[in-house]
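Residue strings, one per chain:
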Amino acid sequence: MTATCEVSIGLLLPDVLGTYSDAGNATVLAQRLRWRGIAVTVHTVTARDAPPLSCEIYLLGGGEDRAQQFATRWLRDKPKLLDALAERAVTLAVCAGMQVLGESMTDPDGREHPGVGLLDLTTSPRRTRAIGEAVVQCNLPEVGMLTGFENHRGATALGPGLAPLGEVVTGVGNGAEHAVEGVLTEHIIGTYLHGPVLARNPALADHILARVTGRPLPPIELPDLPAVRQSYLGGSGASRRPLRRARRAAGLRSSSPS
Ligand code: GLN
């Protein structure tokens, strides 16, 4: 990718694939750019909107089987958008979002539905739903361990040329063959992890941002999160000073008189 100083993010179909709050991934990416002084625009693209074709990042989230069949038809109607996902942008696709980018999805009644065919992967139903916390050793060394929660019936088998995002430490992950999770290509990162995954794993967010800005990004000084939590929880005598300090560190203006 060439170096860029302004990033645009296309949040695709949060009204359709929005069941698990994966739209929060856009918030995380945008805020981590702003904290570093990089301009960002988030385009929220609902089912009624024409998607912008020039975003550096596209995001797809998770949802129910019927919702993902709708999303597949919506995407298949937009070949130029599919070209951007396949050849130019970086896309993070979570759960149903990952499944729809594949070749096919078989529902629990045995009916096969086509995906958009950008990834050589197929999804078929497990006997039971995979629900719970998952830990994954990411195959991107700078990202390290990933955590998230998974909630899916589908098991996804990767074609021979596809690499997973990581190896499952606990949880189910793709749930087909051996214990791998997600998919990792030059342009698409797929995962079963919700959370939103980028809120729980800022190193993965920064990996995506480094790819699209074309440079490694400086670390962000984060507030003392336990102190922030404690000040929100309040309680008798709890000082609001840590919260004020944290908000100042994050470049936020105080909402109450100090
Ligand atoms: N409907 C899909 C499944 O159950 C995806 C679920 C999800 O996005 N969490 O496998």
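Now for a look at the structure at hand.

The rules behind these values
Sequence order as written defines residue numbering, which begins from 1 separately in each chain. Residue-level local features of this predicted model are given only where pLDDT is at least 70; pairs of side-chain atoms are given and counted only at 80 or more, and the full residue set underlies all totals for whole chains, interfaces and linings. To obtain the side-chain values, all non-hydrogen atoms of the structure were included, while hydrogens and water were left out. Every helix listed is a DSSP run of H or I at least four residues long, and every strand listed is a run of E at least two residues long, numbered separately from the N terminus. N or O atoms closer than or at 3.5 Å make up a polar contact, with two conditions inside protein: a donor-capable atom paired with an acceptor-capable one, and, for residues adjacent in sequence, both atoms drawn from side chains. What makes two residues a contact is simply this: any of their non-hydrogen atoms within 4.5 Å. Throughout this document, a residue counts as near a molecule or strand when at least one of its heavy atoms sits within 4 Å of that molecule or strand. Throughout, the Shrake-Rupley method with a 1.4 Å probe supplies accessible areas, and for residues the shown protein chains are the sole cover considered. Buried, partly exposed and exposed residues are distinguished by accessible area as a fraction of the type maximum, computed with a 1.4 Å probe on protein chains only: under 20%, between the cut-offs, and over 50%, respectively. By the convention used here, strands pair only if DSSP detects at least 2 bridges between them.

## Quick word on the side chain of Asp-22
Here's step 1: Positionally, Asp-22 belongs in the loop between β1 (6–12) and α1 (24–35).
Here's step 2: Polar side-chain contacts of Asp-22 include one of 3.0 Å to the side chain of His-194.
Here's step 3: The contact partners of Asp-22, leaving out residues within four places of it in the chain, are Gly-61, Gly-62, Val-94, His-194, Gly-195 and Pro-196.

## Focus on the site of the ligand
Here's step 1: Not every one of the 15 residues close to the ligand is listed here, only the nearest: Asp-65, Gln-68, Cys-95, Asn-151 and Gly-154.
Here's step 2: In this structure, Ala-96 approaches the ligand through a main-chain N or O atom, which is 3.1 Å from an oxygen atom.
Here's step 3: One of the side-chain N or O atoms of His-194 is found 3.1 Å from a nitrogen atom in the ligand.
Here's step 4: Surface burial for the ligand is 98%, taken as the share of its 300 Å² of free accessible area covered by protein chains.

## Some words on the pairing of strand β4 (residues 90–94)
Here's step 1: Across the 5 residues that make up β4, a large majority, 5, are buried.
Here's step 2: Relative to β4, strand β3 (residues 57–60) runs parallel, the two sharing 4 bridges. The residue of β4 that forms the bridge with Tyr-58 is Thr-91.
Here's step 3: Bridging between β4 and strand β12 (residues 188–191) involves 4 bridges; their strand directions are parallel. Looking across to β12, one finds that Val-94 is bridged to Thr-191.

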